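# Examining the three-dimensional arrangement
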Amino acid sequence: MTEITNDIKYIGVNDHETDLFEGQYNIPKGMAYNSYVIDDEKIAVMDTVDARFDEKWANNLAVVLNGRKPDYLVVQHMEPDHSGSIILFNEMFPEAKIVSSKQAFVMMKQFFGTDFPENQVVVGEGGTLELGRHTLKFITAPMVHWPEVIMTYDETDKTLFSADGFGKFGALDIEDDWACEARRYYFGIVGKFGAQVQAVLKKAAALQIERICPLHGPVLTENIGYYVDLYNTWSSYGVESEGVAIAYTSVYGHTKAAAEELADKLKELGCPKVALTDLARDDIAEAVEDAFRYGKLVLATTTYNMDIFPKMREFIEHLTERNFRNRKVGIIENGTWAPTAAKIIKGMLADSKDITYTDTTVTIKSAMTGENVSQLDALARELI
């Protein structure tokens, strides 16, 4: 148990057992499933945790309650890593009310076979819950990143309980930079829904927020504007940092050599950051993060089965399904007899908004030539 304010206590858990979050994201530093208690004349529990950790969570809750009974469970988000212990809570405290959105109760029925009809308190945009000293005000946040999501603003302690918003990968018992893993989390999980995040940020702008309590990652208490500004940049698909991301696939090493040559030339020209990713070996979520972080992206790949290399196709699909836009793109293609990667890549990005292409496209036929080196020089200068 950790004290956030005099009345808000942290009762979440750390997960160092899961290797892939949501079955696809590497989490070598674990994951935090956050839950909070607001201790007032009436006691509200803010979300539960993954069912695999419900015993530890229940023990944390018991320490805070010290023999008392909670009056409410506020369910902001129905993903199982946050709703997994709702059944346990109801068994422990059958008289406590469950406060959530209408759509969340539909999901409870789907997950648990019951929507707790005797305990339901349905809330929507602008709804409030009086605890005594604390007044909770509810903010609907559909598709950030599920349709049932609500966020909660504690008017007394000026605290925003932000559901999955402002979350990050990583357990809380390991010190870690917030932005790096928050960015990978955002673009991997929330990135498609930039317009919906923008809508919530507009609502949050009217609130006086002194701390943010997310469902993953640390409680944010200092320089709140820094976190909000980053979320605004990410959700508006703006450029966060100057630099070039290079993502490549290579069969026999020739395309890799071209990508590395370009990276060296960019560094020699003073590029502030070059992020080089081998899509077949490196974390593709990191590559997605870099593609959205920097304003310029180079895709280097081979023609493969009359298409492009599968890992490159997968990477571009990750980008387009997250509304990749507002970037300059360069292409290095390789094909021994019929290089067509540039055409295919441009076709895949055809519906992406505000994409511009470099004048130079590097076309390699098997191995690099002196002409290709000159093309890489020209491409580097364009990108700088």
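That block above? That's the structure.
In short, a report on the structure. Small disclaimer: the values here were computed from a predicted structure and weren't measured. (Residues numbered from 1 in each chain as written. Predicted model: local features only at pLDDT ≥ 70, side-chain atom pairs only at ≥ 80, totals over all residues. Heavy atoms only, no water.)

It is worth spelling out the overall build of the protein chain at this point. For the protein chain, the count of helices and strands is 12 helices and 22 strands. Overall, the protein chain is about 75 × 40 × 35 Å in size when its C-alpha atoms are taken along their principal axes. Across the 384 residues in the protein chain, those meeting the buried criterion constitute 55%. Long-range contacts, defined here as pairs at least 24 residues apart, represent 70% of the contacts in the protein chain between residues at least 6 apart. (Helix = DSSP H or I, 4+ residues; strand = E, 2+ residues; numbered from the N terminus. Buried < 20%, exposed > 50% of the residue type's maximum accessible area, 1.4 Å probe, protein only. Contact = heavy atoms within 4.5 Å.)

The next point concerns the pairing of strand β19 (residues 294-304). Within β19, nine of the 11 residues are buried, leaving the element largely enclosed by the surrounding structure. Alignment of strand β17 (residues 241-248) against β19, held across six bridges, turns out to be parallel. Directly across from Y248, in β19, lies its bridge partner A300. As paired elements, β19 and strand β21 (residues 327-334) share seven bridges and run parallel to each other. By the bridge assignment for β21, V298 is matched with G330. Across two bridges, β19 lies against strand β20 (residues 307-308) in antiparallel orientation. Paired with Y304 across the two strands is D307, which belongs to β20. (Pairing = 2+ DSSP bridges.)

This next bit is on a nonpolar patch on the surface. On the surface, a nonpolar cluster with roughly 360 Å² of combined accessible area is contributed by V251, Y252 and Y304. Examined against the element boundaries, Y304 turns out to sit in strand β19. The class of Y304 is partly exposed, set by a relative accessible area of 33%. (Patch = residues over 30% accessible without salt bridge, like charges linked within 9 Å, V, L, I, M, F, W, Y side chains within 5 Å. Areas by Shrake-Rupley, 256 points an atom, 1.4 Å probe, with all protein chains shown as cover. Salt bridge = Lys/Arg side-chain N within 4 Å of Asp/Glu carboxyl O.)

To continue, consider helix α12 (residues 370-383). Its 14 residues place the ends of α12 20 Å apart at the C-alpha level, agreeing with the 20 Å of an ideal helix rising 1.5 Å per residue. Residues of α12 that are buried in the fold lie against β17, α8 (254-268), β19, β21 and β22 (355-364). (Expected span 1.5 Å × (residues − 1).)

What follows concerns the packing of helix α6 (residues 194-204) against helix α7 (residues 224-235). Packing of α6 against α7 brings their axes to within 9 Å, and their N-to-C directions diverge by 145°. Crossing angle aside, the handedness with which α6 passes α7 is left-handed. On the side of α6, the interface is formed by G194, A195, V197, Q198 and L201, while α7 contributes V228, Y231, N232 and S235. (Axes fitted to C-alpha atoms, helices over the stretch in contact; angles between N-to-C directions. Left-handed = near helix turned anticlockwise from the far one by under 90°.)

The subject of this paragraph is the sheet that holds strand β11 (residues 120-122). Spatial ordering of the open sheet is given by β1-β2-β7-β8-β9-β10-β11, a layout of seven strands whose pairing is mixed. Strands at the two margins of the open sheet, each flanked by one partner only, are β1 (2-3) and β11. In the sheet, strand β9 (residues 72-74) pairs with strand β10 (residues 97-100) via three bridges, with the strands oriented parallel. Bridge pairing in β10 places Y72 opposite K97. Running at roughly 120° to β10, helix α4 (residues 102-112) makes contact with β10 and β11 of the sheet.

Moving on, we get to the layout of surface pockets. By volume, the largest pocket is sized at about 320 Å³. Together, 16 residues line the largest pocket, and T302, T303, N334, G335 and T336 are the ones closest to its centre. Residue assignment for the lining of the largest pocket shows that the elements contributing at least two residues are α8 and β19. A per-element tally of the lining of the largest pocket places β19 first, with three residues. In terms of residue class, the lining of the largest pocket is built from six nonpolar, 10 polar and no charged. In this model, the second largest pocket occupies a volume close to 200 Å³. Among the residues making up the lining of the second largest pocket, the classes are represented as five nonpolar, four polar and six charged. (1 Å grid on protein atoms, 1.4 Å probe; cavity = no way out; pocket = protein on both sides within 12 Å on 5 of 7 lines; lining within 4 Å. Points joined across faces, edges and corners; volume = space filled by probe spheres on them. Nonpolar A, V, L, I, M, F, W, Y, C, P; charged D, E, K, R; others polar.)

A few words on the packing of aromatic side chains. Evaluated as defined, the whole model comprises 22 aromatic pairs. Ring centres 5.1 Å apart and planes at 70° place the aromatic pair Y186 and Y231 in the edge-to-face group. Residue Y186 is located in helix α5 (residues 178-190), and its partner Y231 is located in helix α7; the two are separated by 45 residues in the primary sequence. Here the two residues Y186 and Y231 agree in accessibility, since each one is buried. Taking 4.6 Å as the distance between ring centres and 10° as the angle between the ring planes, the aromatic pair formed by F187 and F292 counts as stacked. Of this pair, F187 sits in helix α5 while F292 sits in helix α9 (residues 284-293), placing them 105 residues apart in sequence. F187 gets classed as buried once you look at its relative accessible area, which sits at 2%. (Phe/Tyr/Trp six-rings, centres within 6.5 Å; stacked < 30°, edge-to-face > 60°.)

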